[in-house]
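# Understanding the architecture of this molecule
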Amino acid sequence: MKLHLPVVSVYTVPTDAPEADGTLDWDSTTVVIAEVAAGDATGTGWTYGPAAIGDILRDHLAPLVEGRNALDIPAAHDAMSRAIRDAGRPGVAACAISALDIALWDLKARLLELPLARLLGMCRERVPVYGSGGFTTYHDRHLAAQLNGWVHGQHIPRVKIKIGEDWGRAVLRDVARIEAARQVIGPEAELYVDAGGAYTRKQAVRVGHALAEHGVGWFEEPVSSDDLTGLRLLRDTLPCDVTAGEYGYDLPYFARMITAGAVDCLQIDATRCGGLTEFLRAAALAQAHGLDVSAHRAPHAHAAAAAAVPNLRHIEWFHDHVRLEDMLFTGALDPTGGAVAPAQGIGHGLTLRAEEAREYRVA
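Residues numbered from 1 in each chain as written. Predicted model: local features only at pLDDT ≥ 70, side-chain atom pairs only at ≥ 80, totals over all residues. Heavy atoms only, no water.

## Thoughts on the overall build of the chain
The condition that has to hold: Numbering of helices and strands runs from the N terminus; a helix is a DSSP stretch of H or I covering at least four residues, while a strand is a stretch of E covering at least two. Note on classification: 1.4 Å probe, protein chains only; a residue is buried when its accessible area is under 20% of the maximum for its type, exposed when over 50%, partly exposed between these limits. What makes two residues a contact is simply this: any of their non-hydrogen atoms within 4.5 Å. Using a 1.4 Å probe, the Shrake-Rupley method yields the accessible areas, and only the shown protein chains count as cover for residues. Charged-residue counts in this description rest on Lys and Arg as positive and Asp and Glu as negative, His and the chain ends being excluded. The atoms used to mark charge sites are NZ of Lys, CZ of Arg, CG of Asp and CD of Glu.
If you tally the helices and strands in the chain, you get 15 helices and 14 strands. Its C-alpha atoms give the chain principal-axis dimensions of about 60 × 40 × 35 Å. Put simply, the chain has 363 residues, and 58% of those count as buried. Summarising the internal contacts of the chain: among those between residues at least 6 apart in sequence, 70% fall at separations of at least 24. Surface accessibility of the chain: about 13900 Å² in total, with carbon and sulfur atoms responsible for 51%. Placing the 33 positive and 46 negative side-chain charges of the chain at their respective mean positions leaves the two points 3 Å apart.

This is how it looks when you write it as structure tokens:
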């Protein structure tokens, strides 16, 4: 079964409120979608990032996979990885590979008339999620409403908020928001924070001790994810788990982070690292070193593969991407109870709503 030339589209959707983390602010989210067909089936994959990802997909990767066997995903993945050598693997090129790789896995499952989770082989029927948002731009009522919706409305027993506001210049407000979050979710729910690499090492140590007073068990990117020495220092110093890995664009990145002893749980983003092919490889690498993994953002792109990973801790139910994926696709999953069941329908279960998405299309 030969692959047709993939079709690429780009959509930009305004956020429902101004958003920021420790180091960035934004008011829209751009998704780049790749659709690839063979026979009577079409697979869909996507990534998040600049519209330039679509140019790489159209001009460099789509012609490369056209005519290949639809079942031989490792061959297509390897060809794409080799083709972008001079362009540079990290960044937009890796995101482009990721979108098309996800589409190829979805297509293969649809050709075989299987749920993607069954094709990959499941080790769990339901995949744990954690609610993620809590942007530093949220006022107290907005933050409370979001957290209350996850924990008390949908019964998701773990949530994450952003801290590190203004490159770590608002620590008192960071700590106050953590205290407020704990009051909303109660003593039983797990509370996570993401500093986005905003703090210095010593600053992160001080904040980390304050987090412990409120039962925070997850400290994401307390310092830059490039500072492996700093992450290891914090991991050895603080009682909470130190996590990072979302900016891994290739397998060697994860190998360096793991061998440095930098994290307690490795975050992997299939929409950045090279798709589900590389996601599964990185998860196996982490398992070999006794580490759990957590899927970063784009929950519907991860759910099926997450069900196949023995050392998975959870996937991120990220507000922006959950909202966008529900708007632009049919087949969105229900996280009520704190987990999703990905083995529904065939493929990963999502299909682009082309007509409804048209108003957001930019390329």
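## Some words on the sheet that holds strand S2 (residues 25–38)
This is how the line gets drawn: In this analysis, strands are considered paired if DSSP registers two or more bridges between them. Geometry is summarised by axes, namely lines fitted to C-alpha atoms with helices restricted to the contacting stretch, and by angles between N-to-C directions that run from 0 to 180 degrees.
Spatially, the 3 strands line up as an open sheet ordered S1-S2-S3, and their pairing is antiparallel. Where the open sheet ends on each side, the last strands, each with one partner, are strand S1 (7–20) and strand S3 (41–48). Taking each pair of neighbouring strands and ignoring which way they run, the sheet shows an average axis angle of 25°. Where S2 and S3 come together, 8 bridges link them in antiparallel fashion. Note on S3: the bridge partner recorded for Ile33 is Trp46. In this fold helix H3 (residues 92–111) packs onto S2 and S3, with an angle of close to 150° to the strand it touches most, S3. Packing against the sheet, helix H14 (residues 319–328) makes contact with S1, S2 and S3, and its axis sits at approximately 130° to S1.

## Details of the nonpolar core
One recurring pattern in soluble globular proteins is that nonpolar side chains are buried together. For clarity, the threshold we go by: Joining through side-chain atoms within 4.5 Å is the link that ties buried Ala, Val, Leu, Ile, Met, Phe, Trp, Tyr and Cys residues into a set, and such a set is a nonpolar core.
Leu57, Phe219 and Leu328 are the most contacted members of the largest nonpolar core, which has 114 residues in total. Ranked by residues supplied to this core, first place goes to H3 with 13 residues.

## Remarks on a nonpolar patch on the surface
Formally: A residue counts toward a patch only above 30% relative accessible area and without a salt bridge, and it is joined to like-charged neighbours within 9 Å or, for Val, Leu, Ile, Met, Phe, Trp and Tyr, to nonpolar neighbours within 5 Å. Within this document, salt bridges are pairs made up of a side-chain nitrogen of Lys or Arg and a carboxyl oxygen of Asp or Glu, the two lying within 4 Å of each other.
A surface patch of nonpolar side chains, amounting to about 210 Å² of accessible area, comprises Leu71, Leu112 and Leu114. Considering the arrangement of structural elements, one finds Leu71 in the loop between helix H1 (52–65) and helix H2 (73–83). By relative accessible area, which is 34% here, Leu71 ends up partly exposed.

## Some words on the pattern of salt bridges
For the structure shown, the criterion picks out 21 salt bridges. Where Arg118 meets Glu125, a salt bridge forms, and the shortest distance between an N and an O atom there is 3.4 Å. The class of Arg118 is partly exposed, set by a relative accessible area of 42%. The closest approach of N and O atoms between Lys160 and Glu316, which form a salt bridge, is 3.0 Å. Of this pair, Lys160 sits in strand S5 (residues 158–162) while Glu316 is found in strand S11 (residues 312–318), placing the two residues 156 residues apart along the sequence. Look at the salt bridges and you will find they share partners, linking Arg89, Glu278 and Arg281 into a network.

## A few points about the packing of H1 against H2
Going by this rule: By the definition used in this description, the sense in which the near helix is turned from the far one sets the handedness, with an anticlockwise turn below a right angle giving left-handed and a clockwise turn giving right-handed. All residues other than Ala, Val, Leu, Ile, Met, Phe, Trp, Tyr, Cys, Pro, Asp, Glu, Lys and Arg, Gly among them, are scored as polar; the first ten of these are nonpolar and the last four charged.
The N-to-C vectors of H1 and H2 enclose an angle of 145°; their axes lie 10 Å apart at closest approach. In this structure, H1 meets H2 at a crossing whose hand is right-handed. For the pair H1 and H2, contact is made by Leu61, Leu64 and Val65 and by Ala76, Ala79, Met80 and Ala83, respectively. Of the residues in the contact of H1 with H2, the class split is 7 nonpolar, no polar and no charged.

## Points about the pairing of strand S7 (residues 216–220)
For the record, the criterion: A clockwise path from the first strand over the helix to the second, with the strands pointing away from the viewer, defines a right-handed crossover.
Extensive coverage of S7 is indicated by the burial of 4 of its 5 residues. Taken together, the 4 bridges between strand S6 (residues 190–194) and S7 define a ladder with parallel strand orientation. Looking at S7, one finds that Leu191 is bridged to Val216. Handedness of the crossover joining S6 and S7 through helix H8 (residues 201–213) is recorded here as right-handed. In terms of strand pairing, S7 meets strand S8 (residues 241–244) through 3 bridges, oriented parallel. If you follow Glu220 over to S8, its bridge partner there is Thr243. Between S7 and its parallel partner S8, the chain crosses via helix H9 (residues 228–237), and the hand of that crossover is right-handed.

## A few points about the packing of aromatic side chains
Working definition: an aromatic ring pair is given by the centre-to-centre distance plus the angle between the planes. Where we set the bar: Pairing of aromatic side chains requires ring centres within 6.5 Å, counting the rings of Phe and Tyr and the six-membered ring of Trp. Pairs whose planes differ by under 30 degrees are stacked, by over 60 edge-to-face, and all others tilted.
This structure, assessed with the given rule, holds 9 aromatic pairs. Between the aromatic rings of Trp26 and Phe135, the centroid separation amounts to 5.6 Å while the plane-to-plane angle is 90°, which identifies the pairing as edge-to-face. In this pair, Trp26 sits in strand S2 while Phe135 sits in the loop between strand S4 (127–133) and helix H5 (140–153), placing the two residues 109 residues apart along the sequence. The exposure class of Trp26 is partly exposed, given its relative accessible area of 22%. For the pair Tyr192 and Trp218, a centre-to-centre distance of 5.1 Å together with 25° between the ring planes defines the contact as stacked. In this pair, Tyr192 is assigned in strand S6 and Trp218 in strand S7, connecting sequence segments 26 residues apart.

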